[in-house]
Each structure stands twice: as structure tokens, then as C-alpha cells.
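# Secondary and tertiary structure notes
So you can see what is in the structure, the chains are spelled out below.
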Amino acid sequence: MSIYVTRSSMPDYEEYIEEIKPIFESHHLTNMGPIYKKLQHQLMAYLGVPQLSMFVNGHLALETVIQAMGLKDSEGEVITTPFTFVSTTHAITRNGLKPVFCDIKPDDYTMDPAKIEALITDKTVAIVPVHVYGTLCDVEAIEAIAKKHGLKVIYDAAHAFGVKYKGVGVGNFGDAAMFSFHATKVFNTIEGGAIAFSDETLRKSLHSLKNFGIKDEECIDEVGGNAKMDEFRAAMGICNLRNIEACIAARGAAAARYNERLSGVKGIQLMKTQADVQPNYAYYAVLFDAEQFGESRDAVYDRLKANDIYARKYFYPAVNEMDCYDNTNETPVAARISRQVLTLPMYADLTEADVDRICDVILERK
Ligand code: T4K
């Protein structure tokens, strides 16, 4: 049987049908209806955040919060990481801003705070770091730099649903944080996303900008888009949230089995456990050092594929090596890691036998 990099968590069919029944009675399909509001409040409690605005996907959530902060078309520069899904950078660029790429740390692949200040110019308006794979960025160092230079910090927390640092939900760090609720994520609403924040003015602005800039029936005072989460997606979220603890625990068990099988193998670097962080096991990323392991990342990827196992090269190429972006500043650590990394299958239904099958193939190298 094929094993893919991930597999969406889903509720029982009957459970979802029960949740969407009221929609067939009310005909209230979208535009922040009762199911949207119910999920919003449940998520605020689960994530431990004071405010949450939900979107049709994580990408538009990020694009919209950048606009809501008044950064759009300022011709400013935004310091960000090249080691991410391209959505992060596109959200900056589509707001008329220039991404400036900061290199990452070799041990946890998040933005290296020691390299941020050298990139700050009089045009810098914000920092957009990514909690890549659900690994927490150095939030304290980043906050100190942002405060010193008067910069906004918007975290791309697409992978970090449910992650906590010293007991505090990850959505509380920075001026805002974006979560993705895409089908491939720890928690999904089919497609979906949200912005966590605390500033009351941001609440009004996000609400308006994801609904065409409509203030009331006769007043449209901002140029907004349409990025609202509908009731069917919110209902999927309500069902999936009921099972979230079990899903994260099952992912944790799969990660533990991978660790058992792969730790100590020459040429393989595993993700590190972070002190004071409650993880969510969103991705299981492994680096292959071709010389020491005796085989390149690409060769392992091909061999897994030949065995009907579809790992992914998240995130290769680094964004600043993509055709649509200029590689203006070099980021050698990101360049190396993007060539060595393979994200192995990770999802709640992944069994110990599946993990063993995957590890057997990896370790069978000639
Ligand atoms: N920032 C970061 C750091 C992100 O990683 C992402 C999204 C975003 C921002 C933007 O958030 P969203 O706008 O997406 O909410 C996937 C996802 O589409 C994307 O959400 C995700 N990051 C990115 C890392 O991965 P693909 O093109 O690699 O997915 P795809 O279709 O190849 O699916 C991978 C595997 O997942 C399949 O082999 C099987 C499984 N799968 C997939 C789908 C679509 C399911 O089990 N169910 C499904 O419905 O991009």
C-alpha cells in the first residue's frame, strides 16, 4: 500500500453530518455564521489566544494581516526566511513589499536572530519568521531586535498549531501569528487558516479586509478581498478539534518510533527536542549527509518512491533559489539544508509497522 507524506485527519462521516445539519435548516452558508463563531471561540480557548480571525486559507490570512498592519505598498523591506513554503514569501511580495532573506540556524532550521540586524535598513518595516515544522523560533531574541528597531513581527505559524512555549500558546508571540488549517496540517478545516493577535484595531481591520472592506451596507472604506471561512469548513474544524489531543499523541508515538530507528545512524541528523516547548509533531524532517550516510537525500527519496513511499523535499529549493525571486543575499545554511532534507511521512494514522517499513527502506542503503 502506498504511504504518502501525510494523510488528512477526518472525523466519522456521521459526526460531520450531525454538525452540518443546522446549515440545511438555516441556509446560512458563509459570512461569519454561527458555526464560524462557535469554532472561533473553541479555537481561542484551545490555542490560548485573546483574538482569532478565521480565513479561507492560511495564505490569504497572512496576506491580509500584512495589509491590515498598514504595510502594503509602503515599498518597505521585510526580513524573512528562505527556508519555508513559498506562500510566506508570496504573501510579502503580493503586498508590494520586498522580501530580504535571512539565513537559518543549522540545528533547528528557524531564522537565525544573530543574522537579522545586519539586514535591517531604513526601509525595513517588519520581520516574518516561520516556526518551520512546528519548531519554535527564538521568539525572545526576535522580539528584542524588533523592539529595538521599531519593527512589526508577524509569525508564520502555519505548522505550529497547538505548540506551546513555557505553557504559552505560540499564537501569542509577535504582533500576529498565522495558522494554516489546510488538509495536510495537524488540525484541518479542509482548507482554512487564522490570524491570532491581541490588538483590537487589528480585529476590525481583518474583519473588514477579508470581506471586501465592507464596514456597513453603505460604507466601504478599504480595498479588501474575499477570504472568509465558510460554515462547512468551520463544521469540519469543530469535529477535528474534538480529536486533536489524540491526533497529536498518535503523531508523537510515530515520531518516537522514527527516533528509535534512526537516531545514532551515521550521516542522519534528526530534529532536536526543544526545551520548554510542547511540540505538535507536525513534520518529521531528516537531514542526510551524503558523504557520511553513503547516499544522497535524492537517492533516498528515489528509493523510498520505488517502494511506494512518498516522502517530500519540504523545503527545496529554498525560496531565494526559485525563479520568481532574486537571490540577492546568500543564505548558505538554508541552501545546504534544503539539499539535505527529507520530510518523512507523518500523520495520526501512521502505524508503528508503517514507520518500520519506511525506516527499513532508508537503512537498506548499499
Ligand atoms: N506557510 C507555510 C510555512 C506553509 O507550509 C503553508 C502551507 C502556508 C504558509 C500556506 O497555508 P495554506 O494557504 O495552504 O493554508 C502542501 C499544502 O497545500 C500546503 O498547505 C502546505 N503549506 C505545504 C507545505 O504542503 P503540496 O502541494 O505539497 O500538497 P500535496 O497536494 O502534494 O499533498 C501532500 C500529501 O498530503 C499528499 O500526497 C496526500 C496528502 N493529502 C493531500 C491533500 C491535498 C491528503 O491526505 N489530503 C488532501 O486533501 O502543498
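Structural notes, computed from the coordinates. (Residues numbered from 1 in each chain as written. Predicted model: local features only at pLDDT ≥ 70, side-chain atom pairs only at ≥ 80, totals over all residues. Heavy atoms only, no water.)

### Here we look at the pattern of salt bridges
Close approach of charged atoms lets side chains of opposite charge pair. Across all of its chains, the model carries 24 salt bridges by this definition. Note that Glu18 is salt-bridged to Lys21, the shortest N-O span being 3.2 Å. Separated by 3 residues within a single helix, Glu18 and Lys21 lie in helix H1 (residues 13-26), roughly one turn from each other. By relative accessible area, which is 41% here, Lys21 ends up partly exposed. Here Lys215 ties to Asp221 by a salt bridge, and the two come within 2.6 Å at their closest N and O atoms. Residue classification places Lys215 among the exposed residues on the basis of a relative accessible area of 58%. Owing to a relative accessible area of 41%, Asp221 belongs among the partly exposed residues under this scheme. (Salt bridge = Lys/Arg side-chain N within 4 Å of Asp/Glu carboxyl O. Helix = DSSP H or I, 4+ residues; strand = E, 2+ residues; numbered from the N terminus. Buried < 20%, exposed > 50% of the residue type's maximum accessible area, 1.4 Å probe, protein only.)

### Some details on the sheet that holds strand S17 (residues 341-344)
One key point about sheets: their strands pair by backbone hydrogen bonds, in either a parallel or an antiparallel sense. Spatially, 3 strands are ordered S13-S15-S17 in an open sheet, and the strand pairing comes out antiparallel. In the strand order of this sheet, the two ends are held by strand S13 (268-269) and S17, each with one partner. For S13 and strand S15 (residues 284-288), the ladder comprises 2 bridges, and the chain directions are antiparallel. Across the sheet, the residue bridging to Ile268 is Phe288, located in S15. Across the face of the sheet, helix H8 (residues 244-262) comes into contact with S13, S15 and S17 while running at roughly 20° to S15. (Pairing = 2+ DSSP bridges. Contact = heavy atoms within 4.5 Å. Axes fitted to C-alpha atoms, helices over the stretch in contact; angles between N-to-C directions.)

### Some details on helix H3 (residues 58-68)
Where burial is concerned, most of H3 is hidden: 8 out of the 11 residues are buried. When we look at burial in H3, the residues that qualify are Gly58, Ala61, Leu62, Glu63, Thr64, Val65, Ile66 and Ala68. Check the buried side of H3 and you find it contacts strand S2 (51-55), helix H4 (87-93), strand S6 (152-156), strand S9 (176-180), strand S10 (193-197) and helix H6 (200-209). Between a side-chain oxygen at the N-terminus of H3 and the backbone nitrogen of His59 the separation is 3.2 Å; the capping residue is Asn57. (Polar contact = N/O pair within 3.5 Å; in protein donor to acceptor, adjacent residues only side chain to side chain.)

### With respect to the site of the ligand
Lining the immediate environment of the ligand, one finds 27 residues, of which Asp156, His159, Ser180, Arg312 and Tyr314 sit closest. Between His59 and the ligand, the recorded distance is 2.8 Å, taken from a backbone N or O atom to an oxygen atom. Taken by itself the ligand offers 930 Å² of open surface, and the protein chains cover 74% of this. Put simply, the parts of the chain that give the shell around the ligand at least two residues each are H3, H4 and S9. (Near = heavy atom within 4 Å. Areas by Shrake-Rupley, 256 points an atom, 1.4 Å probe, with all protein chains shown as cover.)

### Details of the sheet that holds S2
Sheet architecture is open: 7 strands sit in the order S2-S10-S9-S6-S5-S3-S4, paired in mixed fashion. Two strands bound the open sheet, and with one partner strand each, they are S2 and strand S4 (98-101). Neighbour-to-neighbour, the strand axes of the sheet open up by a mean angle of 25°, direction not taken into account. The pairing of strand S3 (residues 77-80) with strand S5 (residues 124-128) spans 4 bridges and is classified as parallel. The residue of S5 that forms the bridge with Thr80 is Val128.

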